[in-house]
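Descriptive structure summary
This is what each chain is made of:
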Amino acid sequence: MAEDDKAAEKMKPGRKAGQEGQKAAAAPAAAADSGGSAANTVRVAQEKAVHIAAAAGQGADMSPVAANIMAAQLTVNHQNTAQTPPATGAAPPGGAKRGKESAAAEADKSIFGLLQLKDFRNLWLTTLISNLGGLVQGVGAGWLMTLITSSHSLVGLVQGATTLPVVIFSLWAGALADNFNRRMILIMSLVAMMLASLVLAVLTYAGWVTPAILLFFTFLIGCGNAVYNPPWQATVGDIVPREQIPVAVSLNSVGYNLMRSMGPAIGGAIVALWGGVAAFVFNVFSYIPLIGALYAWRPEYSRPTLPREKLVGAMSDGLRYVMMSPNLLNIMLRSFLFGLGAISLFALLPVVAREAQGGAFLYGILLGCFGIGAIIGGTYNIKIRARLSSEKIIVLSFLGYAAACLIVAFSPYIWLSCLALFPAGMCWVLALALFNANVQLSTPRWVVSRALAFYQTASYAGMAAGSWLWGALGDSYGTRASLCICGICLCLGAVAGLKFRIYDIGTINLSPTDPMREPELRLDLQARSGPILITLEYHIAQKNTAEFLQAMTERRRIRLRDGARQWTLLRDLEKPERWVETYHMPTWVDYLRHNQRSTQDDLQVIEILDKLNEGSAPPYVCRMIERQTVPLAHELPLKPPAKI
C-alpha cells in the first residue's frame, strides 16, 4: 500500500503507533499547565526544534504546534538526559545521580554482552589484527618517506594519500553497500588491499621505490579502505541491536586504538630492525584472519522487493537525504573541521621525531602514547556520553586537542610531548565515535551506508586537506608555527558549535510504517514507466491555515528527503479552503521506493494533517503519468477488470 493511502486508513498498526507517539509528545505539554518540570522539557525541546528548522532554512518563527512535530523525539531525549522523575511519584533524593550511575553500569554490562555475540566477537578480534597491520604499514610508509626525501610536504602527503581516496570514492562505496551484498564487498576490498601491499613490499625490497611510487601505492591502499569503511560501519547495525550501536562503535574505537597504542611501537621496532619492506609484508599477512572471518560469517540480509537502485541515482538519493537532515549537516561540518585540525599531529609527528633525533622508534613511541589515550577515551566513552551532552563532548574534544597541539609545539622535552598526546588521543576517539554513532542512530537502514559515507567523506576531506596544509606550513614557517595555527583553528571549530550545534539523538523510531502494498492500477505500467505526478487534495479551514502551512513545511522536508522532486503546494483561488500538494517521481518504481522509506517517526506529520483536514474523508490521492507529447493509444494498454 502506498504511503499516501496509509493516511486514509485510520486503524492501521503504524497509524496507531503514530497516534500513541503524538499523545506521548503532547503529554508533557498538558503537564505544563500545572507548572511542573515538564514545561521546561517541552520548552527546551521546542527551542531545539526551532534551531534545527533554522538550520534547514525554515526560519525561527515556528509555532508550538509545528515545533512539536520536530521536537517530539527531542523531548523524549531531553527527558532521558535530565532524568525527569516518573509521573507516578516524586523522585527520590539523588535520583538523577543514581540514574546516571545506573546508565553507566548498564553500558559496562552491554560491552560484555556484545563480546558474547559470536559474529561480533570474531569480526572484532580479527579486525584488531588487520588494524595492527595497517598501522605498522603506516609507520613504515611514513618513515620510508623521511628517508628518501627531506620535504615536509611529501611526508605530510603520506597521510593525505591514505585519506584522499575516502573523499573521492566513499559516497560511491556507500551507494554500493546499500544495494549489494555488504559481506562480499568487504572481502573483495580486503583482497585488493592485500595485493597492493604485497606489490609495494616487492618494489621496496628491489629498491625501486621513489616518493611518487610510495604515494601511489599508499593511495591504492587508501582506495581499498574507502570501499571497505562504509559497509563495515553499516555492518555494525546488521550484527547488533539498534540500542547497542553506540556501545559497538565505542568497542570498535577501543579495538582500533588498542592497536594504535601497540602498532606504532611495533612498527617502529620492525622498521628499525628490518626496514620498511618488513612492515609491508607484515600488513599483507594481517588481512588473512579478517578475510577468513568474513568468509565464515553468514548474515541473513532481507531480500529487496524492488529492483536495485542505479548507483548514480542511489548517490543522489543519499545526498538528498543528508541535505534535508539538518542535524546530519551539522555533524558533517563539525567532523570536517575536526579532521582538518586533528590530522596535524599525524602529519607532523614524523618530523617531530626526526628533529628530536629519536628515529623511527621514537616516532612509534609518540604514536603509542596517542593510542593509549585513545583507548582510555574509548573505554570511558559510554560513561561520558551518559553524563555530558553531545555538543559538550565535541567542544571539549576540540579544545583538548588544540591544547595538545600547542604543548607539542612549545615543549622543550620529549616526555612532555608524550604526556600531551594522551589527552589528544582521548579527544580524537570521543569526537569520532560520537559523530559515527549519531549518524547511525539518526539514519534508517535503507540509507545508512550512504550517510556514513558522507560523514567519512567530510571527516577525511578535512584530514586530506590538513595533511597538505600543515605540511606546507611546516615547510614555510616551521613545525612549531604550523602546530600553533592548527590549535587556533581547532578553537574556532569549538566556537562553531554556537551556530552548528550537534543535538543528542532520542528514541527515534526509524522502522518502516508497515509493509508496502502496490496500489491497484488499470494502466499496465512497467517499473521504469514515468514520470509520475502525485497530487493530494486537502480542505483546510481558514483558522487552521497557519498550522497547516507549518505542518506542510515539515511534510516538504520529508518528501524531498525521501526522493520526491518538484514538490509544490497549490491553493485554489476560487475555493481558498482547497489546497493541493503535488510532487513528481522519475519512474513508477521510484514512487514505490519513496513510500517504502516512510518511517514511524514521520507518521506524526500525517496525523496532524489528518486532523486539520475538514470532513471525515482523508486527503484525496491521485497518481498520474506525464506525457510531453500525445502518445499512441496502445502504448499503455488497460488491464482487464479485476475479478470479484
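Higher on the page you've got the structure.
As a starting point, this report considers the structure included with it.

Here the focus is unusual backbone geometry. Its identity is not glycine, yet Q566 carries a phi of approximately 55 degrees, on the positive side. Mapped onto the elements, Q566 comes out in strand β2 (residues 565-571). Among the residues examined, Q566 registers a relative accessible area of 56% and is labelled exposed.

In this section: the sheet that holds strand β1 (residues 532-539). Taken together, the 4 strands give an open sheet; going across it, the order is β2-β3-β1-β4, and neighbouring strands pair in antiparallel fashion. Edge positions in the sheet fall to β2 and β4 (620-625), since each has one partner strand and no second. Recorded for the sheet is a direction-independent mean angle of 15 degrees between the axes of neighbouring strands. Of the strands in this sheet, β1, β2 and β3 (578-585) touch helix α20 (residues 545-561), which is tilted by about 165 degrees from β2. Its contacts with the sheet put helix α21 (residues 588-596) on β1, β3 and β4, and the angle it makes with β3 is roughly 115 degrees.

Quick look at the pattern of salt bridges now. Taken as a whole and judged by the stated rule, the model has 15 salt bridges. For D178, the salt bridge goes to R450, with nearest N and O atoms at 2.8 Å. Placement of the pair is D178 in helix α7 (residues 152-179) and R450 in helix α18 (residues 448-477), with a sequence separation of 272 residues. Both residues of the pair, D178 and R450, count as buried. Here the salt bridges share partners, and the residues they tie into one network are D178, R182, E309, D317, R320, R450 and R597.

Right, let's talk about the pairing of β1 for a bit. Of all 8 residues that make up β1, 6 are buried, and the element is covered over most of its length. Where β1 lies against β3, 8 bridges are found, and the strand directions are antiparallel. The residue bridging H539 from the neighbouring strand is R578, located in β3. Here β1 runs beside β4; their pairing, made up of 6 bridges, is antiparallel. By the bridge assignment for β4, L536 is matched with V621.

Each aromatic ring pair is described using two quantities: the centre-to-centre distance and the angle formed by the ring planes. Here the structure, examined in full by the defined rule, presents 13 aromatic pairs. When the ring of F216 is compared with that of F217, the centres are 5.3 Å apart and the planes differ by 85 degrees; the resulting orientation is edge-to-face. Judged by its relative accessible area of 46%, F216 falls in the partly exposed class. Ring geometry for F370 versus W428: centroids 6.0 Å apart, planes at 70 degrees, classification edge-to-face. With a gap of 58 residues between them, F370 in helix α14 (residues 359-379) and W428 in helix α17 (residues 414-441) connect regions that are remote in the sequence. Each member of the pair F370 and W428 is classed as buried. The rings of F338, F370, F398, Y401 and W428 are connected pair by pair, giving a single aromatic cluster. Note that R298 overlies the ring of Y295, its terminal NZ or CZ placed 5.3 Å from the centroid.

Thresholds applied
- Residues numbered from 1 in each chain as written.
- Predicted model: local features only at pLDDT ≥ 70, side-chain atom pairs only at ≥ 80, totals over all residues.
- Heavy atoms only, no water.
- Helix = DSSP H or I, 4+ residues; strand = E, 2+ residues; numbered from the N terminus.
- Buried < 20%, exposed > 50% of the residue type's maximum accessible area, 1.4 Å probe, protein only.
- Pairing = 2+ DSSP bridges.
- Axes fitted to C-alpha atoms, helices over the stretch in contact; angles between N-to-C directions.
- Contact = heavy atoms within 4.5 Å.
- Salt bridge = Lys/Arg side-chain N within 4 Å of Asp/Glu carboxyl O.
- Phe/Tyr/Trp six-rings, centres within 6.5 Å; stacked < 30°, edge-to-face > 60°.
- Lys NZ or Arg CZ within 6 Å of the ring centre and 35° of its normal.

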